[in-house]
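# Topology and contacts: notes
For reference, the chains in residue letters:
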Amino acid sequence: MRNTNRLRPIFLTFEQWLPRWSLQHRLCCSKPVSVHSNEESRADKFKTQIATGPRFHYFVKGASINKQQPVITDDLIDTDKHAYLPEDSESGNSRTVCFETYGCQMNVNDTEIAWSILQKKGYQRTSDVAEADVVLLVTCSIREKAEQTIWNRLRQLTAMKKRRLKTRVPMKIGVLGCMAERLKSELLEREKLLDVLAGPDAYRDLPRLLSVAHGGQQASNVLLSLEETYADVMPVHHSPQGYSAFVSIMRGCDNMCSYCIVPFTRGRERSRPVSSILEEVHILSEQGVKEVTLLGQNVNSYRDTSEEQFCSSEPGQLSRGFRTVYRARPGGLRFADLLDRVSLIDPDMRIRFTSPHPKDFPDEVLQLIKERANICKQIHLPAQSGSSTVLQAMRRGYSREAYLELVDNIKRIIPGVSLSSDFISGFCGETEEDHLQTLSLIREVRYNVGFLFAYSMRKKTHAFHRLQDDVPAEVKQRRLEELICMFREEATKVNSALIGRTQLVLVEGESKRSAQDLCGRNDGNLKVIFPRQEVAGQPTDTHTSPINPGDYVLVKVHFHSAVAVSYDNVVYCYV
């Protein structure tokens, strides 16, 4: 039985039940006070401040201001863009910047965009790291090895920064691109190697970030955008020879392949307006550029909806037997339309595009490639695996059979087409049987060029969260070597068909293997090596002149290898 001696009855007077603050008012005030009246007064004052203060659109870059809103006077809001920075602090003041670019062609284009923005702010460019005031690394996160290269380089630059004389301007180090977005916390906090961090959609903010860094603070902006395409930024093309250029037509990727980090570092797909692309290609043509490569993470899924006339209810066409993980998007000016318009600008300018997805090759794209002489008869067709089981785990949206049907269709429509591909060895759950199917796919398709890698798991990806990286490293490496051997064997057979044929080659410059040779690439994007010599401009000309980078030359094949083709017997050259 419970002890009830400790229980006491509770008897309270009315005043004891009243809230303490209410009793204090009764005891301390000689006049009655209306609590509700004071609250209403404060609320009215707060509402007045809100009504006359800055609205949401004042904090959104480029937002239009509704004229019906209350007028904001100068004493209520500072009109300076970045009031916390000194006047003209974003100016480069002739500081020198050095870019180091790693990874894919998109990073080359990103470098050109970033340099265009900084150049307008008064920065000077240098290729000498020792002389640079700012060193910016444009980075790649697609594989672990690529990231490790950047970590090693950052430590080298940090050591160089510490050795710099105090009489000189302190060196600032920045990381741009995919690695900046993926490893922002580690880069800024754990390693303490950086001054500036800018993601792929934050290059417009570089002048401000560098200004903050010059003030002694770390600065970062890695926000991804649903709209940024840098359509109004004209890249400063920095090709040493100036004969070729990359033109970005879209950014981001929606495919969400299970192994790929790109959707998480580059964001969602968005296409650059066609008018902006055509303007850039026109300018490049006037500058004498002989080859343009259209760029995008999924370049042939281009879809411009910037103008009302492009919008319709028609969904885009996919390759037969292919599907997407997202709903088909209706309307928009498609890749075939863009490719058509670009190829008409300059008939003497070669047009390439990369990197496509196999799902976005409807017949209208293939027919256009066949009909236009200046669209290169070379298609990159990333397979990744020859096993339908592995392709399903990769979320590629097609089977082995559908891929081979597409290859047959391409070869039927474009005879003599040059094919290249990507392959990953040792993906999650890949068996020896799966590996053998990939080897047989390489043998059956017979690619001219291949890009092969061992699988490297990336955080944030579908595979990281749902699959097991269960293929041992040594097995991945062994399978990779077998893929490379198979590719070389088949590429040798394919390239042997070029012996005795004359090919049109765009000259790139001096060959790395000999100062007596020049190198270039043919229509199929195969590397060409041929002797340096003087040639006639036309077959009937008696006057000869040396061959220069940017010239087209006709050459005849006499020897080949698996990854390059060696030529001699230059027939004639024209510019």
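Remember, predicted model here, so these are calculated numbers, not experimental data.

## Quick notes on the environment of Y230
Within the secondary structure layout, Y230 lies in the loop between β6 (219–221) and β7 (244–248). Through-space distance from the C-alpha of Y230 to that of R272 is 7.8 Å; in sequence the pair is 42 residues apart. Each residue touching Y230, except ones within four places of it in the same chain, is listed here: I113, P200, D201, A202, Y203, R204 and R251. A distance of 3.3 Å separates a polar side-chain atom of Y230 from the backbone nitrogen of A202.

## Points about the packing of helix α10 (residues 274–286) against helix α11 (residues 335–345)
Axes are the key here: two packed helices are described by the angle between their axes and the distance separating the axes. Between α10 and α11, whose axes approach to 10 Å, the crossing angle comes to 25°. Our classification of the angle between α10 and α11 gives roughly parallel. Handedness of the α10/α11 crossing: right-handed. For the pair α10 and α11, the contacting residues are V274, I277, L278, V281, H282 and S285 in the first and L338, R341, V342 and I345 in the second. For the contact of α10 with α11, the residue count by class is seven nonpolar, two polar and one charged.

## Considerations on the pairing of strand β4 (residues 172–177)
Of all the six residues making up β4, six are buried; the element is thus mostly covered by neighbouring parts of the structure. Of the strand pairs in this sheet, strand β3 (residues 134–139) and β4 are connected by six bridges, and their pairing is parallel. For V138, the partnering residue across the bridge sits in β4 and is L176. You can see the chain leave β3, run along helix α5 (residues 144–163) and come back into β4, and the turn it takes is right-handed. Bridge analysis of β4 against strand β5 (residues 196–198) gives three bridges, and the strand direction is parallel. Across the sheet, the residue bridging to L176 is A198, located in β5.

## What about the side chain of S319?
Note on placement: S319 falls in the loop between β11 (303–304) and β12 (333–334). Not counting residues within four places of it along the chain, the set of residues in contact with S319 comprises P358, K359, D360, F361, P362 and L406.

## Re the environment of R323
Among the structural elements, R323 can be located in the loop between β11 and β12. Taking relative accessible area as the criterion, R323 reaches 52% and is therefore assigned exposed. Each C-alpha atom, one on R323 and one on Y398, is 6.7 Å from the other, the two residues being 75 residues apart in sequence. The contact partners of R323, leaving out residues within four places of it in the chain, are L318, K359, G397 and Y398.

## Regarding the confidence of the model for the protein
The share of residues in the protein with pLDDT of 70 or more is 80%, and the mean pLDDT across the chain is 83. Taken as a whole, residues 566–575 scores under 50 in pLDDT and shows 52 contacts with residues more than four places along the chain or in a different chain.

## Description of unusual backbone geometry
When glycine is set aside, most residues are seen to have a negative phi, and most peptide bonds are trans. Geometrically, the link from T354 to S355 is a cis peptide bond, its omega value of 0° lying close to zero. Note on placement: S355 falls in the loop between β13 (350–354) and α12 (363–371). The phi angle at Q384 is positive, at roughly 75°, despite the residue not being glycine. Its relative accessible area of 7% is what places Q384 among the buried residues. One non-glycine residue, R395, adopts positive backbone phi at about 60°. Looking at where R395 falls in the secondary structure, it is placed in the loop between α13 (388–394) and α14 (400–413).

## A word on the pattern of salt bridges
Under the counting rule described, the total for this entry stands at 33 salt bridges. With a shortest N-O distance of 3.7 Å, D517 and R513 are connected by a salt bridge. Residue class for R513 comes out exposed when judged on its relative accessible area of 57%. Members of the salt-bridge network, linked through shared partners, are D110, D201, R251, R266 and R270.

## Some words on the nonpolar core
If you look at the biggest cluster of nonpolar residues, it comprises 58 residues, and the most contacted ones within it are L294 and I379. In terms of residue count, α14 provides more of this core than any other element does, seven residues in total. The residues contacting I379, other than those within four sequence positions of it, are F361, L366, I369, I410, I414, V417, S418, L419 and S420. The next biggest cluster of nonpolar side chains, apart from the first, holds 24 residues, and it includes L176, A213, Y230 and V233.

## Points about the sheet that holds β3
What links the strands of a sheet is backbone hydrogen bonding, and the strands pair in either a parallel or an antiparallel sense. Taken in spatial order, the six strands of this open sheet run β2-β1-β3-β4-β5-β6, and their pairing is parallel. Looking at strand neighbours, the two that pair on one side only are β2 (124–125) and β6, the edges of this open sheet. Taken together, the two bridges between strand β1 (residues 96–101) and β2 define a ladder with parallel strand orientation. By the bridge assignment, V97 is partnered in β2 with R125. The strands touched by α5 are β1, β3 and β4; relative to β3, the strand with the most contacts, the crossing angle is about 175°.

Rules used in this analysis
Numbering of residues begins from 1 in every chain and follows the order in which that chain's sequence is written. Only residues with pLDDT of at least 70 are given local features in this predicted model, and only at 80 or more are side-chain atom pairs given and counted; all residues enter the totals for whole chains, interfaces and linings. With hydrogens and water set aside, each side-chain value is computed from the structure's full complement of heavy atoms. Labels follow the DSSP assignment, with helices taken as runs of H or I lasting at least four residues and strands as runs of E lasting at least two, numbered in each case from the N terminus. Contact between two residues is taken to exist if any of their heavy atoms lie within 4.5 Å; hydrogens are not considered. Whenever a nitrogen or oxygen atom comes within 3.5 Å of another N or O atom, the pair is scored as a polar contact, on the condition that within protein one atom can donate a hydrogen and the other can accept it, and that pairs from neighbouring residues in sequence are kept only if both atoms are in side chains. The convention used is that axes are lines fitted to C-alpha atoms, helices contributing only their stretch in contact, and that angles between N-to-C directions extend from 0 to 180 degrees. Roughly parallel covers angles under 35 degrees, roughly antiparallel covers those over 145, roughly perpendicular covers 65 to 115, and oblique covers all other angles. The sense of a crossing depends on the near helix, which, turned anticlockwise from the far helix by less than a right angle, makes the crossing left-handed and, turned clockwise, makes it right-handed. Ten residue types, Ala, Val, Leu, Ile, Met, Phe, Trp, Tyr, Cys and Pro, are classed as nonpolar, four, Asp, Glu, Lys and Arg, as charged, and the remainder, Gly among them, as polar. Exposure is judged per residue with a 1.4 Å probe applied to protein chains only, and the accessible area is read against the type maximum: over 50% gives exposed, under 20% gives buried, and values in between give partly exposed. Being paired, for any two strands, means DSSP has found at least two bridges between them. Classification remark: right-handed applies to a crossover when, strands pointing away from the viewer, the course from the first strand over the helix to the second runs clockwise. By definition, pLDDT measures how confident the predictor is in each residue, and it falls between 0 and 100. Here, a salt bridge means any side-chain nitrogen of Lys or Arg that lies within 4 Å of a carboxyl oxygen of Asp or Glu. Only buried Ala, Val, Leu, Ile, Met, Phe, Trp, Tyr and Cys residues count toward a nonpolar core, and they belong to the same one when joined by side-chain atoms within 4.5 Å.

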